Amino acid sequence: MDVSPDGQTIAFDLMGDIYTIPATGGTATALTRGLPYEVHPRFSPDGKSLLYISDKSGSENIWIMDLESREETQLTKSENKHYFSADWSPDGTYVVGAAGRRNIKLHLYHREGGGGSQLLDKPENLKTIDPAFSPDGKRIYFSRRTGAWNYNAQLPQYQIGTYDMEDGGMAVITSRYGSAFTPTPSPDGKWLVFGSRYEEHTGLRLRNLETGEERWLAYPVQRDEQESIAPLGVLPAMAFSPDSKELFLSYGGKIRALSIADNSVREI
């Protein structure tokens, strides 16, 4: 799920097709239809294009749609990788994608095409998914774990990692027993929302990146996928409104907006 830069439109996927709906609610419009499985839409920073994952080439790859002409361009040309999700750089020039077969790694691509480059290679058993650029473009947040998955998973499984775009350094910025995953930074750079499990439920934590303080933003929400390979991410993608005052997400079969100020919820 994502929100357009002007805050007027929400893009989301449903049963393998991508739709848009006014941010105030209303009738959804299908952008894709048919046999291909298409998920994880992300608006470009200028609002003119949509990034998404599609298997229409016969294998999962990253595609870009021009929203005015509906013309679609295949960005990656892999025949044997799985693409879990992708995100735009703040200037719209680059795309970061989580790709691989088992231990997924972050790759960086220019929006005009090319082979791209793998940002991480060691350790080999490190899995990195749910990438999200910071608003200043200096780092990439992601969900990280060691190994792919196991049937009898013991917590914690995931923590939030960062990749420094200037020096290639990595850091781990959480240490929650219930894990931490699906990092979602706010456009103003003040907030970071991520999922975590507490007792038998999954909830959303809100961290103030300026002070380090945290609190629950919503609990419970949709069950996470820590015990699986999380092929669409550990939680469904979320997005802040352009003014950073609300978080748009889906759980309980509804699209909702959560107020950062008081945790109140409204249905879209």
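Just so it is clear, the model here is predicted, and its values are computed rather than measured.

Novice: Let's hear about the nonpolar core: which residues, and what values?
Specialist: Ranked by size, the top nonpolar core spans 32 residues in total, and within it Leu-204 and Leu-247 carry the most contacts. Looking at which element gives the most residues to this core, the answer is strand E22 (residues 246-251), with three residues. In terms of nonpolar packing, the next biggest core, distinct from the first, is built from 12 residues, Leu-51, Ile-53, Ala-86 and Val-95 among them.

Novice: Can you explain unusual backbone geometry? Please cite residues and give values.
Specialist: For the bond running from Leu-155 to Pro-156, omega is 0 degrees, close enough to zero to count as cis. Position of Pro-156 relative to the elements: it lies in the loop between strand E14 (139-146) and strand E15 (159-164). Between Tyr-219 and Pro-220 the backbone carries a cis peptide bond, its omega angle lying at -5 degrees. A positive phi angle is found at Ser-244, which is not glycine, with a value near 65 degrees. Among the secondary structure elements, Ser-244 is positioned in the loop between strand E21 (239-240) and E22.

Novice: Provide a residue-level description of the sheet that holds strand E1 (residues 2-3), including the pertinent values.
Specialist: By definition, the strands of a sheet pair up through backbone hydrogen bonds, in either a parallel or an antiparallel sense. One open sheet holds the four strands; their spatial order is E1-E2-E3-E4, and the pairing between them is antiparallel. Sheet topology places E1 and strand E4 (29-30) at the edges, where each strand pairs with a single neighbour. Of the strand pairs in this sheet, E1 and strand E2 (residues 9-14) are connected by two bridges, and their pairing is antiparallel. Bridge pairing in E2 links Val-3 to Ile-10.

Novice: Provide a residue-level description of the pattern of salt bridges, including the pertinent values.
Specialist: Per the counting criterion, the structure on display carries 11 salt bridges. In this structure, Asp-2 engages Arg-42 in a salt bridge whose closest nitrogen and oxygen atoms are separated by 3.2 Å. Residue Asp-2 is found in strand E1, and its partner Arg-42 is found in strand E5 (residues 38-43); the two are separated by 40 residues along the sequence. Classification of Asp-2 as buried rests on a relative accessible area of 10%. The class of Arg-42 is buried, set by a relative accessible area of 16%. Put simply, Lys-56 and Glu-38 hold a salt bridge, and the shortest N to O gap is 2.8 Å.

Novice: An account of the environment of Thr-128 is needed here, citing residue identities and associated values.
Specialist: Mapped onto the elements, Thr-128 comes out in strand E13 (residues 126-133). Residue classification places Thr-128 among the buried positions, given a relative accessible area of 0%. Distance in space between the C-alpha atoms of Thr-128 and Leu-155 is 17 Å, their sequence separation being 27 residues. Residue contacts for Thr-128: discarding those within four places in its chain leaves Ala-98, Ile-104, Lys-105, Leu-106, Leu-120, Phe-142 and Ser-143.

Novice: A description of the sheet that holds strand E18 (residues 191-198) should follow, citing residues and the corresponding values.
Specialist: Taken together, the four strands give an open sheet; going across it, the order is E17-E18-E19-E20, and neighbouring strands pair in antiparallel fashion. Of all the strands in the sheet, just strand E17 (181-185) and strand E20 (214-218) have a single pairing partner and so form its edges. Strand after strand, the sheet turns through a mean of 35 degrees between neighbouring axes, direction not considered. Of the pairings in the sheet, the one linking E18 to strand E19 (residues 201-208) comprises eight bridges and is antiparallel in character. Paired with Phe-194 across the strands is Arg-205, a residue of E19.

Novice: Got a sec to walk through empty space enclosed by the protein? Specific residues and values, please.
Specialist: The tally for this structure, following the rule as stated, stands at one cavity of 30 Å³ or more. Estimated volume of the largest cavity: approximately 50 Å³. Every residue along the wall of the largest cavity is listed here: Leu-204, Val-221, Gln-222, Leu-235, Pro-236, Met-238, Leu-249, Ser-250 and Tyr-251. The dominant element in the lining of the largest cavity, judged by the number of residues it contributes, is E22, at three residues. Of the residues in the lining of the largest cavity, the class split is seven nonpolar, two polar and no charged.

Parameters and conventions
- Residues numbered from 1 in each chain as written.
- Predicted model: local features only at pLDDT ≥ 70, side-chain atom pairs only at ≥ 80, totals over all residues.
- Heavy atoms only, no water.
- Core = buried A, V, L, I, M, F, W, Y, C linked by side-chain atoms within 4.5 Å.
- Buried < 20%, exposed > 50% of the residue type's maximum accessible area, 1.4 Å probe, protein only.
- Helix = DSSP H or I, 4+ residues; strand = E, 2+ residues; numbered from the N terminus.
- Pairing = 2+ DSSP bridges.
- Salt bridge = Lys/Arg side-chain N within 4 Å of Asp/Glu carboxyl O.
- Contact = heavy atoms within 4.5 Å.
- Axes fitted to C-alpha atoms, helices over the stretch in contact; angles between N-to-C directions.
- 1 Å grid on protein atoms, 1.4 Å probe; cavity = no way out; pocket = protein on both sides within 12 Å on 5 of 7 lines; lining within 4 Å.
- Points joined across faces, edges and corners; volume = space filled by probe spheres on them.
- Nonpolar A, V, L, I, M, F, W, Y, C, P; charged D, E, K, R; others polar.

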